[in-house]
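Below are the chains, spelled out letter by letter.
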Amino acid sequence: MSLPQFKLLRPRVLEEAVGYLGEHAGELRVLAGGTDLIPSMRQRLFEPEHVLDLRGIAALRGIKPQPDGGVEIGALTTLRAIERSDYLRQHYPVLPEAAATVASPVLRNMGTIGGNICLDTRCLWYNQSLNWRKGCGFCIKKDGDLCHVAPGGTKCWAVFSGDTPPALLCLSAEIDIVGADGIRRIPLSDFYTGLGDSYRKLQPNELVTRIFLPASSADYRGVYRKLRVRGSIDYPLAGVAVVMRSNGHVSDARIGITAVNPAPLLVKGVGELLMGKALDESLAEAVGDLAARTAKPLTTSALTPEYRREMIRVFTKRAVLAAAAN
Ligand SMILES: Cc1cc2nc3c(=O)[nH]c(=O)nc-3n(C[C@H](O)[C@H](O)[C@H](O)COP(=O)(O)OP(=O)(O)OC[C@H]3O[C@@H](n4cnc5c(N)ncnc54)[C@H](O)[C@@H]3O)c2cc1C
Ligand code: SF4
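Since the model is a prediction, treat every value here as computed from it, not as a measurement. (Residues numbered from 1 in each chain as written. Chains lettered and ligands numbered in written order. Predicted model: local features only at pLDDT ≥ 70, side-chain atom pairs only at ≥ 80, totals over all residues. Heavy atoms only, no water.)

J.: For the sheet that holds strand E11 (residues 250-258), give the residues involved together with the corresponding values.
T.: Spatial ordering of the open sheet is given by E9-E10-E11-E12, a layout of 4 strands whose pairing is antiparallel. The open sheet has two edge strands, strand E9 (221-227) and strand E12 (265-266), and neither has a second partner. In this structure, E9 lies alongside strand E10 (residues 238-246), joined through 7 bridges in antiparallel fashion. Along E10, the bridge assignment pairs Lys 226 with Gly 239. Strands E9, E10 and E11 of the sheet are contacted by helix H12 (residues 305-325), whose axis makes an angle of about 155° with E9. (Pairing = 2+ DSSP bridges. Helix = DSSP H or I, 4+ residues; strand = E, 2+ residues; numbered from the N terminus. Contact = heavy atoms within 4.5 Å. Axes fitted to C-alpha atoms, helices over the stretch in contact; angles between N-to-C directions.)

Here you go:
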């Protein structure tokens, strides 16, 4: 599958990139590592007139511990750099663990944390070639007006399938968004809409520049577990991130899930359920039930929704027991 024609823009500094965003908003796609964008362009899911290649902007790379104890991560930092960072492994272990499960080593060398956060939602009926989609009459997310997953409805249920956002949600991450109108910092939890088609709150003239992890989230124990078809490369079909503080008794715990809803989500009520208790099998099972109730998978992938929801329950139970034993 060939690429559509486009004009490549290669800024060297952020200000130049912001200028291009203002000039070509609506007819431009941002390219970071390109590991998701390029295959999607080949499938004609995106046919932008301009591609804004961020890779020349050195200021958007790097993991920088802050004087207050938190850490700033540039949006262009590769998943490989995150996976291998001694600082993150020591203070925010759930993030490198989740990053290490993305795709394959080659793709992690190119793929960035910003691209992982901004990743398009996925569906069996959408991530296909133009001819394949044409043969099915297209769908709401691209070029059509019906949903093959929930026929009769008007909503798209494509799933968010990035591995690092559930870990980042557990760590109360914030992101900087820069655009023609200036800069804004928001909690990552406010970034996603919960809709499969317009899945993120990003204006056409904006991009994500930095991720911040607060000092208050440092030094939690962390575990990430994921279901995928091929263990060596695939996107998650269900994913669970757990962070916990425990000294025999749990003093705080958070759980994030991915690939089972149109947005990555924090499971509500986890802290309240576990607070002050010593973790055992039945408590871990109760947390697994909470997570499974938060998951709302539909037939957007080859594995059944029932199986994926059940794996959220099983992985959550295993992950909280593993985090407590760490
Ligand atoms: C075979 C294969 C397997 C994969 N498996 C996984 C997996 O297991 N888990 C997983 O999470 N992902 C997986 N991916 C997807 C992808 O490799 C990763 O999600 C990667 O982190 C994407 O980052 P990128 O820099 O390559 O993004 P790009 O492809 O460059 O961009 C992805 C999207 O984000 C937008 N974007 C990128 N950066 C920014 C920014 N700073 N601001 C605003 N918008 C931005 C782009 O416009 C595009 O829409 C897989 C991909 C392939 C090809
Ligand atoms: S959930 Fe429906 S509308 Fe969305 S991509 Fe799948 S088939 Fe298309």
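J.: Before we move on, could you go through the environment of Asp 143 and cite the residues and values that matter?
T.: Positionally, Asp 143 belongs in the loop between helix H8 (130-135) and helix H9 (164-170). Counting along the chain gives 10 residues from Asp 143 to Arg 133, while the straight-line C-alpha distance between them is 9.2 Å. Setting aside residues up to four positions removed in sequence, Asp 143 forms contacts with Arg 133 and Phe 138.

J.: Which residues make up the sheet that holds strand E3 (residues 50-53), and what are the values?
T.: One open sheet holds the 3 strands; their spatial order is E1-E3-E2, and the pairing between them is parallel. The strands lining the two open edges of the sheet, one partner per strand, are strand E1 (7-9) and strand E2 (28-31). Along the sheet, successive strands turn relative to each other by an average axial angle of 25°, direction set aside. Note: E1 against E3, 3 bridges, orientation parallel.

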